[in-house]
Each structure stands twice: as C-alpha cells, then as structure tokens.
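In case you want the letters, here they are:
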Number of protein chains: 4
Amino acid sequence: MKLRNKLRKIVEENDTRSGRYFDNIIQILILISLISFSLETLPDNSDQFNILLKYIEIASVILFSIEYALRIYVSKKPFKYILSFYGCVDILAILPFYIAHGLDLRFLRIFRIFRVFRSLKLIRYNKAMRRFHLAAKIVKEELVLFLMVAAIFVFVAASGIYFFENEAQPEKFSSVFHSLWWAIVTLTTVGYGDVYPITIGGRIFTFFVLLIGVGIVAVPAGLIASALSKAREIEEEGK
Amino acid sequence: MKLRNKLRKIVEENDTRSGRYFDNIIQILILISLISFSLETLPDNSDQFNILLKYIEIASVILFSIEYALRIYVSKKPFKYILSFYGCVDILAILPFYIAHGLDLRFLRIFRIFRVFRSLKLIRYNKAMRRFHLAAKIVKEELVLFLMVAAIFVFVAASGIYFFENEAQPEKFSSVFHSLWWAIVTLTTVGYGDVYPITIGGRIFTFFVLLIGVGIVAVPAGLIASALSKAREIEEEGK
Amino acid sequence: MKLRNKLRKIVEENDTRSGRYFDNIIQILILISLISFSLETLPDNSDQFNILLKYIEIASVILFSIEYALRIYVSKKPFKYILSFYGCVDILAILPFYIAHGLDLRFLRIFRIFRVFRSLKLIRYNKAMRRFHLAAKIVKEELVLFLMVAAIFVFVAASGIYFFENEAQPEKFSSVFHSLWWAIVTLTTVGYGDVYPITIGGRIFTFFVLLIGVGIVAVPAGLIASALSKAREIEEEGK
Amino acid sequence: MKLRNKLRKIVEENDTRSGRYFDNIIQILILISLISFSLETLPDNSDQFNILLKYIEIASVILFSIEYALRIYVSKKPFKYILSFYGCVDILAILPFYIAHGLDLRFLRIFRIFRVFRSLKLIRYNKAMRRFHLAAKIVKEELVLFLMVAAIFVFVAASGIYFFENEAQPEKFSSVFHSLWWAIVTLTTVGYGDVYPITIGGRIFTFFVLLIGVGIVAVPAGLIASALSKAREIEEEGK
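Chains are numbered independently. Their residues run from 1 in the order of the written sequence. Labels are handed out in written order, letters beginning with A for the chains and numbers beginning with 1 for the ligands. Predicted model: local features are reported for residues with pLDDT of at least 70 only, side-chain atom pairs are reported and counted for 80 or more only, and whole-chain, interface and lining totals are derived from all residues. Side-chain calculation: all heavy atoms of the structure are included, whereas hydrogens and water are not.

**Q** If you had to explain the overall build of chain A to someone new, which residues and values would you point to?
**A** Looking only at helices and strands, chain A has eight helices and zero strands in total. Only DSSP runs of H or I with at least four residues qualify as helices, and only runs of E with at least two residues qualify as strands; both kinds are numbered from the N terminus onward. Going residue by residue from the N terminus, the α and β elements of chain A occur as α-α-α-α-α-α-α-α. The rule is simple: take the accessible area with a 1.4 Å probe, protein chains only, and divide by the maximum for that residue type; under 20% is buried, over 50% is exposed, in between is partly exposed. Residue burial in chain A is summarised as follows: out of 239 residues, 48% are buried.

What follows is the structure in structure tokens.
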C-alpha cells in the first residue's frame, strides 16, 4: 500500500517534483494528441503521414489508458472518481478508440481538451478561480434575467423578421426557425451577410431590433467584468 | 364570494401550491402555443401535421380565454386589469383567433411571449428587478443624452455617406433614407456586407465615422453595467 | 432698448414661457428642414413634391435668417456670437442657400443638425453634461494613449496584411492605403466581407491581429463608461 | 567628454529645449519615412515619384544611421542599449536597407513605427503608463485564465463546426485548421461572410457557440477597463 500512497502523490497532486513532471507529461501528451487529431482532418495528407498519425493516436490512447487505470488504482474512492467530471472526460478521451470501429466517433476525441482544465487547478490560479466563482454568485440573478430577456427578444426578433421578409425572400426566411439564425447572427453583431432584410418594413424593424438588442447582448459582458472587480475588492477586504 | 377569493389566490398569486401549479400550467401552455406557432410557419408541413397544429391552437385559445375570463372574474378592479399592460397582452393573445378570418393576424400571436414576463414577477427575481429599476434611474440622463447624440450621429453619417457614395452606387445609396440602413448596420458593427462604400472619399469618411461611432454605440452598454453594480452597492448599504 | 432686452430673454434663454415656445418652434423648424432635406434625396419624387420641398426649404431659410439676425441683434457681444461654435453653425445652416447656385452645397444643410445640440443646454441635462466633461478629464490621458496605440496598431496591421495578401489579391490589397480599409473594417469588427485574407499567412496574421486588436478597440468604451460612473461619485461627494 | 555629455542630454533626454527639438525631428523623420513607405506600395506610381521616394528613403536611412551611431556613442552602457528593445528596433529600422538587395526585406521597414513608442515616454504620459502597468498586474491572472479558456473554446468551436459542416462544405471547412479561421472570425464578431455554416446542425451549434463565446471574448476588455479605474483609485490614495 505504500506504493499506492506514493503513486497517489504523483498522480493526484502536484506539490512534489515528480507530481509536476507527471502533470507536465500528461499535458504535453494531450497537446500532441490534439494536434495529431487536427492534422488528421487535413484533406491532402500522404498515406505515410496518416500512418504516422495513426501510430501517435495508438500510443497516446495506450498512455491515457495507463493513466486512467492508475487514477482508479490510486483513488481513495474509485467510483467517485469514475463518475466525477474529470473521470468522465478521461474515459471519453480513450473510449472512442476501443469501441469505434464501425461508427465514426473520432469526434469524441476532442473531449481530450477538457482534460487541459485539470491543469488550471494549479495553485496560482486558485485565487483567480475563486474570484470567478464569487463574481458568478454576485451577478447570477442579473445574468439569468438578462438571458431570459435575451431569449424572449431573440424569439420576438425572429418572428418579426419572418413576418416582414417571408414573402420577399421565402427561401431565406422560410420559417420562424430559419429566422432565428438571422436573429442570432444579427444580435451578436456577427453579420455574415448570408441573410439580411431587403424590404423597407424589415429594415425599419431591424433598426429597432438592433437599437435595443445590441445592448441586451453587450450588457452581460460588462456585468461579469464589474462583478469580477467587485469580487476582487471583497477578497482584499477579507484578507 | 368565498370561491372568488379562493380563485384569486390561485390565479393572481403564487405563494400557495395551487397558485404555483396554475402558473406553471399557464407557462407551459404559452410555450406549447409559441412552439406550435413557430412550427406552423415551416413551409413543408404535411396536411396532417397542420391539422394537429390547428387543434393545438384552438385548444390553447380556449384555455387562454377561460384564463382571461377567470382573471376578470377574480380581479378586484376588473377594468383596471383589462386596461393594464398584462390585460392588453392577454387579450391580444386570444383576439386574433376570434376576429381574424379574412385578415392574416396570426402574427399577433407572438404577443403571447410577453405573457412570459408575468412569471418574472416571482419573488426570487424581485430583487434583481428592483436593481434594474434603480440602475435605470441612475443612468437615465446619460442614456438619454447618449441616445440623442447617437441619433444625430447616425443621421450625419447617413447624410455624409449619401454625399460620397450616391454617384458611385446610385442603387444602394439612393437617398438619405437608404443610407440610414448602411449607417445602422455599420455603427452597430453588424456589417452584413450588402452595402459598403467603394469610393476613396466614402471610405475615409467611414474610417472617421467608425472611429467615433463605435464608441457612441458601445458606451451605453458599459454605462448600464456599471450602474447595475452601483445599484447593488446602494442596495447592500440600505440593508 | 427695452425691446432688445425682452427679445434677448426670449431668444437666448428658456426659463420663460415665451422663451420655451421660441426654442420649441426653432427645434421643430430644424426637424422639418432636415426631413425635407432627406426627402429631397429620394430618387423618384414627383415634380410637384419637389416643388413643395423647395418651398419648405425657402420658408425655413427665411425663418432661420430672421432668427440669425435676431440673435445678432439681441446679443450683448454680437461678434463673439458670430465667431462662436453656434454662430458658425447658424450661418452654415443658411449660407448655402444664398451662395450656392452654381455649386452643389446642399450637403452643407446637414449642418443644421448641430443646431439641435443647442437644446441639450437645457437645465435638466446640464448635470449629465458636466459629468461627461468630468469623465473626459479623468480618462483623457488613457484615451490619448489608447488612440495612439490603436493608430499604430492599425498601421502595423495594414502593412502586415499588405505584405501577406498583396500577391494573392493585388486588386483588393493593392497598397498599404487600401489595406487600411481592411484594417479598420476588421478591427472595429464590422467585417463587411468585401476584403478578407485568403492566404494561410494572411489568415494567421489576422488571427493575431484580432486577438490583440479587438481589445484595443473595445477597452476605450469601457474606460469612458467607468470614468462616467466615477464622475457621478465625485459629484455626489461634492454635494 | 564634455561634448558627449552634452550630446547625451540632447539625444537621450527631452527636458531641455534642444532635447525636445531632437526628439521632434526624429518623430517627423519617422512619420515621413512611414508615409513614403506606404506611398511606395501604391501600384500606379510614376517613375519620377518612385525615384523621389527612393531618395527620401536613402536620406532617412542615412539620418537614422547617424542617430543610431550617436545613441551608441552617448550611451553610458553601449552594449546594453544595442541589446535593449529600442536598440533592436533602431537597428531593424535601418538594417534592411544595407543588407537587402537580393531579398525583399522592405517589409521590415515598418518596424520603424515602434520607434514612435519612444516618444510615449514623455513626462505627461508617464502617469498613464504607470496606471496601465498597475492595471495589467491587477488583472493578469484573470486575463491569463480567460485567454486559456478562450483558446480552448476556439479549438472546441473549430472542431465542432468541422464535424457539422465538413461534409456539406468540404472546400470551406476542409480541416480543423480551416475551421479555426471560421471560429476566430465568428467569435470576434467580425463575420466577413466568406465562411458560415449552412447545415441545421452547424447552425444550432453556432447558436450555442455564439451564446457562450461572445461573452468570453468581450469580458477581457471590460476587465482591463475596470482594472484601469481601480489603478487610478490606488494611485489617488497613494498621493
């Protein structure tokens, strides 16, 4: 059992040198496997390169599997770990390889990126994380209200533009659901330019939608920012 | 009269269990009727599906009518309710069905969404709502000033771009009113790409318009956000 | 001289009833003349309508001229008024009509809109205006720094994208000056879609430009907003 | 050695009249050389104009070289200067002229713009600069966290949209790397309109990406703004 304790120190914690090494190796492995995942999607890879990527994938899955087994082995409550967020992310990062031969579950591999978050648990970010939680608690009610109002607003905007533009552009605003795409692209000010009103009524409606809507979308970001500075103040007073 | 008092408790308030049930049922009904309204606009519905949606519509109008009658019946001042904001919204939610056979007033049905706001009056959002009112009072003057300046700015931008681009693109910038469309789409940074300056003069003008204008449009959101955090402080001090 | 004093009270001030009437009439006149200016730009006006607009223009110029003469007459220091900002705006609002027969100076008429600002001097906005001035003084240094950094950044972005895209799209990124158009449209996140990088190098460059640049453009608005709330605090403490 | 001390006062400092003259002349030279660099990129320059620009370039390189030599000569620690940021910028501003005859290193000339920053060290901006440094220190942790989350988010968005759109638009979303372009253009709300989802799945995915992502991109700007006002408060208390 002494080995298990020793291993736990390495695998679960990072206040020892070997613990930090372990963490860094895993981080680099994650990065390599994400890059190789991205490279695999390139359309004009040579066969040789694809075989290389395949080997990298096999190697990283083997290493991740060993890590997963280790984490279960050293955990004081293995089942709690398996069912935890990071437990699920860890299994999702390797499972597709084992079961997906008929299906194309390669996509699930990007779940590996969530494993990166584990490194955010490092000590120096603890304080910032705590501030985020505090800020989230401070503005939760306002944010929920804003999101509800925003959701209602998006729906009203989509219904309105459908009413104005459906006849003029039946293939672009063919239903309220299609208009929702316009509403979200417009209110976030992305404005791809694939759908936009062409009737005078639709343009005047858009005018007012933008006048009100841009504020509804931009205010939450400002709320979070000012809550974060508030959280910092509270923290400083608490010290 | 005891029944009326009992019903009032259920219909108008939500601090009893049956009151909450009533509220939730109405909310779900609103959601169903809005979804069915949206589905109706889909272009390729089968006849059977359309008939189903028709029945849902009839059912929800009947239930909303009963609710409306109930609200009048239990209200202490029925006329005040009828003329109130929610009274108007409630009647607008059902009226189109009764009168609109020749005209296409289906659009009015989306007024039902405003009924959702009633649920925002729940206790837990009361505080956040009060903060919004307080914040609105704090920045009212600045916001009005900003909106006036923004309105003037939009008009100047539209006139200016008309002056620069009218000759080069007479069909896109055919009048100051057409240019207003460009001004609002540009200053909110949506930028669909359907209209944009092509002359050198127009582009230099746009350069300066954007330099000043983006600020004019973005500052109000920041104002509201900081007023909200101010409102929270005032509230906390008052406690 | 008593008449002159009386007239001054009406023309220059708005704390008497007749002063407010005078102000409101001028405001309405400005609005009418701006609307008629906008309507004149419509391409498909009938001849009759154009003649009507012409008459409205003549009438408003006559009334503005009378007002201008009055303002000079009642002013204690006529020359100071003539050379002041509002004096120049007032003369620019009527001059084009008198001198512009060969030239097309109609555009100068939109200067009339600046006359609207005069009404902002009303008492109830005085406080908000003073706050704006205070806020401007607070963040002046930061804003100047930010604008300089932003100007440098825009130039670097334009030069960089010229370097990457000039060969691939010689007609769109034909010089650094043409690339400036791309830079300003991209950094303000308008993104019309008329010019955008297509080479890999240009896209990676844009990636980093956006990463840094969006902040540079968005921060000033936040700065102004927080300076305004600071100005409000100072004002409240001073009370 | 008296001359060297005198020259140092002129070249390195700007609290004497001749020091300020020297600084201003260098600034104007930088501006002239940047404008001539930009003009050189114009496609339709006459030969005469190009020769003029060439002469301006030669003249400014000579003057910059003299300045560089002077700075080394007067510096108390010449090697420290040569290896400092401004030392590197100064050499990069002239080196391309001397070595680049075969290669096209003209692009390096835009490094001259960084020389402009030197003038920001003027006394009146010192305070604002110090505030920026203080603000950067205050929000460093939050900014790093946000950038990491943003980077992860951009990658997840790119992978997701690749999954949804690759089949429908294989030439636009041909790999995760190509999708990264879409992700950055969308999340910064630029939205050129060159790539956008067309499948229903891709659009719903974009809906959620925008909902979360716009906040992640907009919050940092607000953070910096509120940190700057915090820095101002700290400074005022310290006085």
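**Q** I'd like a rundown of the interface of chain D and chain A, residues and numbers included.
**A** How big an interface is tends to be reported as the loss of accessible area on association of its parts. Residue contacts follow a heavy-atom distance rule, with two residues in contact if any of their heavy atoms lie within 4.5 Å. Residue-level contacts link 43 residues of chain D with 37 residues of chain A. Counting the surface lost from both chain D and chain A, the interface buries some 3600 Å², and carbon and sulfur atoms represent 75% of this. A side-chain nitrogen of Lys or Arg and a carboxyl oxygen of Asp or Glu constitute a salt bridge if their distance falls within 4 Å. Taken together, chain D and chain A are joined by four salt bridges. In this structure, the salt-bridge partner of Glu-142 of chain D is Arg-232 of chain A, at a minimum N-O distance of 3.5 Å. Counted as a polar contact is a pair of N or O atoms within 3.5 Å, where, for protein atoms, one must be capable of donating a hydrogen and the other of accepting one, and residues adjacent in sequence contribute only when both atoms are in side chains. Taken together, chain D and chain A are joined by six residue pairs in polar contact (both at pLDDT 80 or more). The biggest single contributor to the side of chain D that touches chain A is helix α7 (residues 123-165) of chain D, with 16 residues. Buried area counts how much accessible surface, traced with a 1.4 Å probe, disappears from two parts once they are put together, with both parts' losses summed.

**Q** I'd like a description of the environment of Ile-66 of chain B, backed by residues and values.
**A** Summarising the element assignment, Ile-66 of chain B is placed in helix α3 (residues 47-74). According to the relative accessible area criterion, Ile-66 of chain B is partly exposed, its value standing at 47%.

**Q** Account for the domain arrangement of chain A, with residues named and values stated.
**A** The assigned domain composition of chain A is domain 1 (2-120) and domain 2 (140-238). Domain delimitation in this document rests on an assignment produced automatically or drawn from a domain database. Between domain 1 of chain A and domain 2 of chain A, the C-alpha centre-to-centre distance is 38 Å.

**Q** Kindly report on the pattern of salt bridges, identifying the contributing residues and their values.
**A** Two side chains of opposite charge can pair, provided their charged atoms sit close to one another. Summed over the entire model, instances satisfying the criterion amount to 25 salt bridges over all chains. The structure contains a network of salt bridges with shared partners spanning Arg-131, Arg-232 and Glu-235 of chain A together with Glu-141 and Glu-142 of chain D.

**Q** Describe the relation of the copies chain D and chain A, naming the residues involved and giving the relevant values.
**A** For the pair chain D and chain A, the relating rotation is 90 degrees, the translation along its axis is 0.0 Å, and the fit reaches an RMSD of 0.1 Å. Here the copies are linked by what is in effect a four-fold axis. Comparing interface residues between copies, only 9% of those in chain D also sit at the interface in chain A, which points to a heterologous contact through distinct surfaces. To superpose the copies, least squares is applied to the C-alpha atoms of every residue with a pLDDT of at least 70 in both.

**Q** Got a sec to walk through the packing of helix α7 (residues 176-187) of chain A against helix α8 (residues 200-238) of chain A? Specific residues and values, please.
**A** Residues and elements named next belong to chain A. Between α7 and α8, the shortest axis-to-axis distance is 9 Å and the interhelical angle comes to 60 degrees. On the basis of their axis angle, the class for α7 and α8 is oblique. On the side of α7, the interface is formed by Trp-182, Thr-186 and Leu-187, while α8 contributes Thr-206, Val-209, Leu-210, Gly-213, Val-214 and Val-217. Partitioning the contact of α7 with α8 into residue classes produces six nonpolar, three polar and no charged. Convention adopted: a line fitted to C-alpha atoms gives each axis, helices being fitted over their contacting stretch, and angles between N-to-C directions are expressed from 0 to 180 degrees. Angles are sorted into four bins: roughly parallel if under 35 degrees, roughly antiparallel if over 145, roughly perpendicular if 65 to 115, and oblique for all others. Each residue is assigned to one class: nonpolar for Ala, Val, Leu, Ile, Met, Phe, Trp, Tyr, Cys and Pro, charged for Asp, Glu, Lys and Arg, and polar for all the others, Gly among them.

**Q** Which residues make up the side chain of Lys-230 of chain D, and what values go with them?
**A** Following the sequence through the fold, Lys-230 of chain D ends up in helix α9 (residues 200-238). Setting aside residues up to four positions removed in sequence, Lys-230 of chain D forms contacts with Glu-233 and Glu-236 of chain A together with Ile-138 of chain D.

**Q** Quick one: what's the story with the packing of aromatic side chains, residue by residue and with numbers?
**A** Whether two aromatic rings pair depends on their centres lying within 6.5 Å, for rings of Phe, Tyr and Trp, where Trp uses its six-membered ring; planes under 30 degrees apart make the pair stacked, over 60 edge-to-face, and the rest tilted. Inspection of the entire model under this criterion finds 36 aromatic pairs over all chains. The interplanar angle of 55 degrees and the centroid separation of 5.2 Å between the aromatic rings of Phe-146 of chain A and Phe-132 of chain B together place this pair among those described as tilted. In this pair, Phe-146 of chain A is assigned in helix α6 (residues 123-165) and Phe-132 of chain B in helix α6 (residues 123-165), connecting two distinct chains. Take Phe-146 of chain A: its relative accessible area is 10%, and that puts it in the buried class. Ring geometry for Phe-207 of chain C versus Phe-208 of chain C: centroids 5.5 Å apart, planes at 75 degrees, classification edge-to-face. We call a charge positioned over a ring when the NZ of a Lys or the CZ of an Arg lies within 6 Å of the ring centre and within 35 degrees of the ring normal. The side chain of Lys-172 of chain D reaches across the aromatic face of Tyr-196 of chain D, ending 6.0 Å from its centre.

**Q** Outline a nonpolar patch on the surface, supporting the account with residue identities and numerical values.
**A** Patches here: salt-bridge-free residues with over 30% relative accessible area, like charges joined within 9 Å, nonpolar side chains (Val, Leu, Ile, Met, Phe, Trp, Tyr) joined within 5 Å. Every accessible area reported is derived by Shrake-Rupley at a probe size of 1.4 Å, with residue values counting cover from the shown protein chains alone. A contiguous nonpolar surface patch, about 530 Å² in accessible area, is contributed by Ile-200, Ile-204, Phe-208, Leu-211 and Ile-212 of chain A. As for its placement among the helices and strands, Ile-204 of chain A is situated in helix α8.

**Q** Please give an account of helix α3 (residues 47-74) of chain C that cites residues and values.
**A** The terminal C-alpha atoms of α3 of chain C, which comprises 28 residues, lie 40 Å apart, in line with the 40 Å expected from a rise of 1.5 Å per residue. Within α3 of chain C, burial applies to Leu-53, Glu-57, Ser-60, Val-61, Phe-64, Ser-65, Glu-67, Tyr-68, Arg-71 and Val-74 of chain C. What a helix is expected to span follows from its residue count: subtract one and scale by 1.5 Å.

**Q** So what's going on with the confidence of the model for chain A? Which residues, and what values?
**A** Residue and element names in this part refer to chain A. Of the residues in chain A, 90% reach a pLDDT of 70 or more, and the chain-wide mean stands at 83. The predictor reports its confidence for every residue as pLDDT, a score running from 0 up to 100. Across chain A, α7 holds the top mean pLDDT of 92, while helix α5 (residues 85-99) sits lowest at 80. Here the predicted complex carries an ipTM of 0.85, next to a pTM of 0.87.

**Q** Requested: an account of the environment of Ile-72 of chain A, with residues and values cited.
**A** Residue and element names in this part refer to chain A. Among the structural elements, Ile-72 can be located in helix α3 (residues 47-74). You can call Ile-72 partly exposed: its relative accessible area is 25%. Linking Ile-72 and Ile-82, residues ten residues apart in sequence, is a C-alpha distance of 7.4 Å. Among residues more than four places away in sequence, those in contact with Ile-72 are Pro-78, Tyr-81 and Ile-82.

**Q** Help me get a handle on helix α7 (residues 176-187) of chain B, residues and values and all.
**A** Since the α-helix turns once every 3.6 residues, residues separated by three or four places project in the same direction. Residues and elements named next belong to chain B. If you check α7, its first and last C-alpha atoms are 16 Å apart, about what twelve residues at 1.5 Å a residue would give, namely 16 Å. Most of α7 sits inside the fold, with nine of its twelve residues counted as buried. With a side-chain oxygen lying 3.1 Å from the backbone nitrogen of Phe-177, the N-terminal cap of α7 falls on Ser-175. Of the residues trailing α7, Thr-189 is marked for its positive phi of about 60 degrees.

**Q** Quick one: what's the story with the environment of Ala-151 of chain B, residue by residue and with numbers?
**A** Mapping Ala-151 of chain B onto the fold places it in helix α6. Taking the C-alpha atoms as reference points, Ala-151 of chain B and Ile-216 of chain B, separated by 65 residues in sequence, lie 10.0 Å from one another.

**Q** With reference to specific residues and values, describe the side chain of Ser-179 of chain C.
**A** Along the chain, Ser-179 of chain C turns up in helix α8 (residues 176-187). Ignoring any residue separated from it by four or fewer positions in sequence, one finds Ser-179 of chain C in contact with Ala-158, Ile-161, Tyr-162 and Phe-173 of chain C.

**Q** Kindly report on unusual backbone geometry, identifying the contributing residues and their values.
**A** Even without a glycine there, the phi angle at Thr-189 of chain A is positive, about 60 degrees. The residue Thr-189 of chain A is located in the loop between α7 and α8 in this model.

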